[in-house]
Structures are given as structure tokens and as C-alpha cells.
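Summary of the model geometry
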Amino acid sequence: MEYTISTERLPEASELLSLFLQTSWAKDRSIERIEIVLNNTKTYVVIRDKDQLIGFGRALSDGVYRAMLDDIVVDKSYRKQGLGKVIVKQLLDQLDDIEQVFLNTKPDLESFYEAYGFSRSKGLTMSL
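We now turn to the structure provided with this report. (Residues numbered from 1 in each chain as written. Predicted model: local features only at pLDDT ≥ 70, side-chain atom pairs only at ≥ 80, totals over all residues. Heavy atoms only, no water.)

1. As for helix 3 (residues 83-94)
Quick note on the threshold: Under the scheme used here, helices are H or I runs from DSSP no shorter than 4 residues and strands are E runs no shorter than 2 residues, and both carry numbers assigned from the N terminus. Working rule for helices: expected span equals 1.5 Å times residues minus one. Using a 1.4 Å probe on the protein chains alone, a residue whose accessible area is under 20% of its type maximum counts as buried, one over 50% counts as exposed, and one in between counts as partly exposed. This arc is taken over the directions from the axis of the helix to the C-beta atoms.
In this model, helix 3 (12 residues) spans 17 Å end to end at C-alpha, consistent with the 16 Å of a helix rising 1.5 Å per residue. Those residues of helix 3 that fall on the buried side of the exposure criterion are Leu83, Gly84, Ile87, Val88 and Leu91. Looking down the long axis of helix 3, one finds its buried residues gathered within 140° of arc, a one-sided arrangement.

2. Describing the pattern of salt bridges
Our working definition: The term salt bridge refers to a side-chain nitrogen of Lys or Arg lying within 4 Å of a carboxyl oxygen of Asp or Glu.
Inspection of the entire model under this criterion finds 7 salt bridges. Of the charged contacts in the structure, one is a salt bridge between Asp70 and Arg58, with a shortest N-O distance of 3.2 Å. You can see Asp70 sitting in strand 4 (residues 66-74) and its partner Arg58 sitting in strand 3 (residues 52-61), a full 12 residues away along the chain. With a relative accessible area of 10%, Arg58 lands in the buried category. Salt-bridge contacts for Arg120 lead to Glu110; the nearest nitrogen and oxygen are separated by 2.8 Å. In this pair, Arg120 is assigned in the segment after helix 4 (110-114) and Glu110 in helix 4, connecting sequence segments 10 residues apart. By relative accessible area, Arg120 is classed as exposed at 62%. On the basis of relative accessibility, which here comes to 21%, the residue Glu110 falls in the partly exposed class. What emerges from the salt-bridge pattern is a single network uniting Arg29, Arg58, Asp70 and Asp71.

And the structure:
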């Protein structure tokens with residue numbers, strides 16, 4: 001199947017909310033806060049099947065030294081088709097000149113990201 005991949009047109013907040021509702025980590029997000037996120041997002045990938053949003057990923061970055069992949073999500077009906085790989089590759093292509101790229105993930109997805117050169121950090125990740 002052929003899908004449309006875009007790095008130039010963000011999805012609507014309501015579309016992204018429908019994907020987030022399918023996750024354990026973003027299901028409690030509100031449409032108002034998603035709108036704020038989208039307004040502050042510069043690096044992203046959107047995948048559509050015709051007009052339906054089926055995949056999304058974004059990166060936070062200072063544009064030089066650091067970036068972090070975030071909110072990588074594929075619609076449940078479209079998983080296991082390589083769309084997550086497309087999102088990660090497209091994001092990394094956009095971040096090619098960044099010195100160091102980070103991400104947070106669940107242990108069961110560690111091998112997925114290792115295929116792109118990610119490895120466990122030797123440092124300690126802390127959060128508030």
C-alpha cells in the first residue's frame with residue numbers, strides 16, 4: 001500500500017488525539033494541550049492513508065547539539081507494516097546535523113531503536 005508521508009503539514013490536534021488515545025503513554029492528553037504542542041513543533045513526520053492520519057512522530061531540538069525523538073505513534077490498524085521505521089528514519093534524516101539524538105522508550109522497543117544505532121545511555125536519566 002502507498003501512503004502519503006509529509007514533513008510540511010502538521011495534523012489537526014483532533015486527529016492526533018485519536019492516535020494518542022490508542023497508547024498507554026499519551027491517552028490522557030487534552031486537545032487544548034496537543035494544539036500547543038503542535039504549535040511548537042518544527043521537526044515532524046506525518047503519515048496518511050488517503051485523508052486519515054495513521055502515523056506521527058516529532059523531535060524536540062536546539063537545532064545544533066541535542067534533539068529528542070518523541071510521540072512516535074502508529075494507528076493500531078496499521079502497525080507491523082514498517083511505518084514506525086519510516087517515521088524514525090524520516091526524523092533522523094531531518095536531524096542529520098545534530099550532534100546527539102536521544103529518546104525514551106519502553107524496554108520491549110529497545111531492539112527496534114537499536115537498529116538505528118541507538119544504545120542504552122551510560123548516564124542516568126532523571127525526570128521531575
